[in-house]
Structure formats: C-alpha cells, structure tokens
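Secondary and tertiary structure notes
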Amino acid sequence: LCEKPMSPTAAGCRRMISECGKAGVTLQVGFMRRFIPGFQTIRKLARAGELGRILDIEVDWPYYVPDISQTPYKEIADGVEAATGINLPQAFGAWRLKDKRSGGGIFLDHAPHILDLFRFWNGEIDRILAVTHSSIADENDDFGKAVVHFENGALGTVTTALRDYKSTLL
C-alpha cells in the first residue's frame, strides 16, 4: 500500500509497477475517498444510468490556510500548543504545501484524489493536461488546473488552489 504520489516521476511509477509485477506483489495507492458513502452513492447512481449520460465533471477544491502568524490565529494555535502540546500547522499538514520533499504543493496533494474519484465514477481517463503555478518563488504550487478526457468521451476539470489572506481568484 503506497501513499500518493507513488513517485515524483512517471518513470518512477512505471518502475514500481514493473518491480511489483515481477515480485508478484499487489501494488495499491491509498485512495481512501472511494470509501466515503456519498462518493459510493454517486458511483452507484452513475453506473446505474440514473444520472443520464455524463458529459462533464467539474471540481473546484480550494484549501484555505490562514496566516497563522497573525492575530487571532497565532494566539489560538499558541494556546492549543501550550495546553496540549499539539502544533496545529504541523498536525494539519501545512508543511506539505511548502516543503519540496513532500513531492509537490496543493495540486499534487489534492488532485490525485479527485482524479481517482473521476475514474471511480466515470471510467478511465485517456488524456490529461495539467498546469500548476506558484505565486511565491521557490515554493510548491499554490494553484493548479487540469482538463481530462475520458475514454467514453466525457470531459472533466479539476481546479485546486491554496487560498490565504494574500490570494484572490477571480
């Protein structure tokens, strides 16, 4: 069982698949959102034809991170840490958005789950175009968009964005 991303490169992913195949080991990526009852209901309705022919799936997945160095968030986080020993930014994974070792920013953190749900609901994707952007130099992406084309002809879009007190998307 592998956490995503499997590898930072497509070649690395192909190698993992190949090596697991040679060893007779099942390789799975931990896409836990497939097990959320509401998402399973969407799949059931889509597969039963109760949603009609799906032409487009669109997801906008913003992730809000307040400026924890400013009032009132700093006082709240400091109070929680003093009372419990829990560092809120660390506990909620804020490090993943800035640390290059995490494999990426907001798009790589969230889009794989959304794209997996697209496949879960509507079948395989045959083409994808994705672009990401970092508004702060030397940091991971804070905005990304992908357009997907399904084998059945449907289209999908995914938009991910890190939103804080400094960013606005129009």
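Everything in this summary refers to the structure shown in the same document. Residue indices begin from 1 for each chain and proceed along its sequence in written order. Confidence filtering applies because this is a predicted model: local features only for residues at pLDDT of at least 70, side-chain atom pairs given and counted only at 80 or more, and all residues used for totals across whole chains, interfaces and linings. Excluded from the side-chain calculation are hydrogens and water; included are all heavy atoms of the structure.

1. Structural notes on the environment of Leu-155
Numbering of helices and strands runs from the N terminus; a helix is a DSSP stretch of H or I covering at least four residues, while a strand is a stretch of E covering at least two. Looking at the element boundaries, Leu-155 is found in strand β4 (residues 155-163). By definition in these notes, contact holds between two residues if any of their heavy atoms fall within 4.5 Å. In contact with Leu-155, other than residues within four places in its own chain, are Leu-55, Asp-56, Ile-57, Val-148, His-149 and Phe-150.

2. Quick word on the packing of aromatic side chains
Stacked, tilted and edge-to-face pairs are distinguished by plane angle, under 30 degrees for stacked and over 60 for edge-to-face with tilted covering the rest, among Phe, Tyr and Trp rings (Trp via its six-membered ring) whose centres lie within 6.5 Å. Applying the stated criterion across every chain, the model contains two aromatic pairs. Where Phe-39 meets Trp-121, the ring centres are 5.6 Å apart and the plane angle is 65°; that geometry is what we call edge-to-face. Separated by 82 residues along the polypeptide, Phe-39 in helix α2 (residues 37-47) and Trp-121 in helix α5 (residues 106-122) bring together distant segments of the chain. Using a relative accessible area of 11% as the deciding quantity, one classes Trp-121 as buried. Between the aromatic rings of Phe-118 and Phe-150, the centroid separation amounts to 6.0 Å while the plane-to-plane angle is 45°, which identifies the pairing as tilted. Taken as a pair, Phe-118 in helix α5 and Phe-150 in strand β3 (residues 143-150) lie far apart in primary sequence, 32 residues in all. By the burial criterion, Phe-118 is buried, and Phe-150 matches it. The buried label applies to any residue whose accessible area, calculated with a 1.4 Å probe on protein chains only, is under 20% of its type's maximum; exposed applies above 50%, and partly exposed to all values in between.

3. Topic: the nonpolar core
Residues Ile-57, Phe-118, Trp-121, Phe-150 and Val-158 are the most contacted members of the largest nonpolar core, which totals 17 residues. A total of eight residues in this core trace back to one element, the largest contributor, which is α5. Excluding anything up to four places from it in sequence, Phe-150 contacts Ile-57, Phe-118, Arg-119, Asn-122, Gly-123, Glu-124, Ile-125, Asp-126, Leu-155 and Gly-156. To qualify as a nonpolar core, a set must consist of buried Ala, Val, Leu, Ile, Met, Phe, Trp, Tyr and Cys residues joined through side-chain atoms within 4.5 Å.

4. What about the packing of α2 against α5?
Between α2 and α5, whose axes approach to 8 Å, the crossing angle comes to 35°. Note on element contacts: α5 touches α2 through Leu-117, Arg-119, Phe-120, Trp-121 and Asn-122, opposite Phe-39, Gln-40, Ile-42, Arg-43, Ala-46 and Arg-47. Residue classes in the contact of α2 with α5 are distributed as six nonpolar, two polar and three charged. Geometry is summarised by axes, namely lines fitted to C-alpha atoms with helices restricted to the contacting stretch, and by angles between N-to-C directions that run from 0 to 180 degrees. Think of it as three bins: nonpolar holds Ala, Val, Leu, Ile, Met, Phe, Trp, Tyr, Cys and Pro, charged holds Asp, Glu, Lys and Arg, and polar takes everything else, Gly as well.

5. As for α5
Over its 17 residues, α5 runs 24 Å from end to end, which matches the ideal 24 Å to within 8%, given 1.5 Å per residue. Taken as a whole, α5 carries its principal kink of about 25° at Pro-112. Counted residue by residue, α5 has 15 buried out of 17 residues, so it is predominantly covered. Remark: Gly-123 follows α5 within two positions and exhibits a positive phi of approximately 100°. Expected span, for any helix, means 1.5 Å times one less than how many residues it has. What is called the bend at a residue is the angle between a pair of axes, fitted to the seven residues leading up to and ending at it and to the seven starting from it.

6. A short note on the environment of Gly-153
Examined against the element boundaries, Gly-153 turns out to sit in the loop between β3 and β4. On the basis of relative accessibility, which here comes to 38%, the residue Gly-153 falls in the partly exposed class. For the pair formed by Gly-153 and Leu-55, sequence separation is 98 residues and the distance between their alpha carbons is 7.5 Å.

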